[in-house]
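Observations on the three-dimensional arrangement
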Amino acid sequence: MRYIGGKSLMTERILSVIDENTDNVKTAVDLFSGSGIVAATFKHQNYKVTANDALYFSYVLNRGTLCINKAPAFKKLGIKNPIEYLNQLTIENAEFTLEDCFVYRHFSPNETCQRMYFQNENAVKIDIIRMTIEQWKDTERITEDEYYYLLASLVSAVPFVSNITGVYAAYLKHWDARTYNTLTLKAPDIIASRKKHMAYHMDANELAGMIKSDLTYIDPPYNERQYLPNYHVLETIARYDRPALKGVTGMRDYADEKSAYCQKGRAAEAFNDLLGRLNTKYILISYNNEGLLSTEELTAIVKANGIENTFRLYEYDYRRYKNKIPNNASGLKEQLYFIRKK
């Protein structure tokens, strides 16, 4: 999944910094987990992992993969391959009507909607799969693990048929080639483990004071771009709460969910509060040199909350992306701030 600030290209560097500066790490927290790539990397390292994100669809991805150590058996469901079963569903063989289909009615073009996030067939398929999964849960035919495993499969599949350039802040005015693909669920990759891993859907600062770990990894927003507006369609599919929508893009109301880390006047205070609350041995922060906080500002905050002579700052050249067009403008650095907590 393409994700703003995703760390798929940074995981080796993150592990290298951890290996260089820590010892005997057994538990790790990923406080702003996003797509879950770093949390999954930690699980591969055999850490006991806690992942968190304020967005529910991110929680779904973590709860349905990170927190599961082997593929569910679906013993009560009585369907040998639920993923394949869901892929074969159509409006004709499902127990729902088009009137029930929220995504079709609000995110694909029809007589009452002009939004072009999905081709009609895929929109309907998203709806009937989502409603079927919910029905299985409500009738207790699947366990909690199985529920989130299937939801994670659906959320992961949606971007491959979405009519967007990468995020859902706007849809394209013509149909991208990917939208002609048929929505197809795949079994999520499950990393085998004997440890109990946890996922939360909380404000990071609130969670920080509630948990203890050897290592805490922090990858907050860097700029004023709020995450929920950019992923509102995935959030609505994950929640399937049929919210009131507004505007051309069908935005959810997110007035109460705006991150302080995306606000110039609040970011420093949020960081100070977060680092002060942490009960952890090591802190590792991802940021960049063009974020709302300058390198000097963030360095001062980190040093104030740790043992100063343990502070390390690593910088890496970073290739910008604007829509689909690579931009190699010089000057942008991906940063890793490391310190041992006081």
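Everything here concerns the structure above.
Below you will find a few notes about this structure. Because the structure is predicted, anything quoted here is derived from the model rather than measured. (Residues numbered from 1 in each chain as written. Predicted model: local features only at pLDDT ≥ 70, side-chain atom pairs only at ≥ 80, totals over all residues. Heavy atoms only, no water.)

1. A short note on the sheet that holds strand β3 (residues 198-200)
Neighbouring strands of a sheet are bound in pairs by backbone hydrogen bonds; such pairs are parallel or else antiparallel. Judged by pairing direction, the sheet is mixed, and its 7 strands sit side by side in the order β3-β2-β1-β4-β5-β9-β6 without closing on themselves. Strands at the two margins of the open sheet, each flanked by one partner only, are β3 and β6 (312-317). Taking each pair of neighbouring strands and ignoring which way they run, the sheet shows an average axis angle of 15 degrees. Along the sheet, helix α11 (residues 267-277) makes contact with β4 (212-218) and β5 (279-288), crossing β5 at roughly 155 degrees. Contacting β5, β6 and β9 (333-340), helix α12 (residues 295-304) runs over the sheet at an angle of about 15 degrees to β9. (Pairing = 2+ DSSP bridges. Helix = DSSP H or I, 4+ residues; strand = E, 2+ residues; numbered from the N terminus. Axes fitted to C-alpha atoms, helices over the stretch in contact; angles between N-to-C directions. Contact = heavy atoms within 4.5 Å.)

2. Thoughts on the packing of aromatic side chains
Ring pairs (aromatic) are described by centroid distance and by the angle formed between their planes. Scanning all chains against the criterion turns up 18 aromatic pairs. Consider the rings of Phe42 and Tyr47, whose centres lie 5.6 Å apart with planes at 50 degrees: the pair is tilted. Exposure class is identical for Phe42 and Tyr47. Each is buried. Both rings, one in Tyr147 and one in Tyr148, keep their centres 5.0 Å apart while their planes meet at 75 degrees; by these two values the pair is edge-to-face. In this structure, Tyr147 and Tyr148 share a single accessibility class: buried. Aromatic ring contacts, followed pair by pair, group Phe32, Tyr222, Tyr261, Phe271 and Tyr287 into a single cluster. Here Lys137 stacks its cationic end above the ring of Tyr147, 5.3 Å away from the centre of that ring. It is Lys173 that lies over the ring of Tyr171; its NZ or CZ is 4.9 Å from the centre. (Phe/Tyr/Trp six-rings, centres within 6.5 Å; stacked < 30°, edge-to-face > 60°. Buried < 20%, exposed > 50% of the residue type's maximum accessible area, 1.4 Å probe, protein only. Lys NZ or Arg CZ within 6 Å of the ring centre and 35° of its normal.)

3. As for helix α10 (residues 232-239)
Extensive coverage of α10 is indicated by the burial of 7 of its 8 residues. All of the buried residues in α10 are His232, Val233, Leu234, Glu235, Thr236, Ile237 and Ala238. As for α10, its buried residues are in contact with α3 (56-63), α5 (102-107), α6 (120-138), α7 (144-157) and α9 (227-230).

4. A look at the environment of Asp273
Among the structural elements, Asp273 can be located in helix α11. For the pair Asp273 and Asp256, spaced 17 residues apart in sequence, the C-alpha to C-alpha distance is 19 Å. A polar atom in the side chain of Asp273 sits 2.8 Å from the side chain of Asn205. In this structure the side chain of Asp273 is engaged in a polar contact, spanning 2.9 Å, whose partner is the side chain of Arg277. (Polar contact = N/O pair within 3.5 Å; in protein donor to acceptor, adjacent residues only side chain to side chain.)

5. Quick look at the environment of Ile218
Looking at the secondary structure, you find Ile218 in strand β4. When its relative accessible area of 0% is taken as the criterion, Ile218 is described as buried. Sequence-wise, Ile218 and Ser286 are 68 residues apart; in three dimensions their C-alpha atoms are separated by 6.2 Å. Excluding residues that lie within four positions of it along the chain, Ile218 makes contacts with Leu31, Phe32, Phe271, Leu274, Leu275, Leu278, Ile283, Leu284, Ile285 and Ser286.

6. So, the packing of α6 against α7
Two elements in contact, α6 and α7, have axes separated by 10 Å at closest approach and are oriented at 175 degrees. What the angle tells us is that α6 and α7 run roughly antiparallel. Residues Ile126, Ile129, Arg130, Ile133, Glu134, Trp136 and Lys137 of α6 touch α7, and the partners they reach there are Tyr147, Leu150, Leu151 and Leu154. Of the residues that constitute the contact of α6 with α7, the class distribution is 8 nonpolar, no polar and 3 charged. (Parallel < 35°, antiparallel > 145°, perpendicular 65-115°, else oblique. Nonpolar A, V, L, I, M, F, W, Y, C, P; charged D, E, K, R; others polar.)

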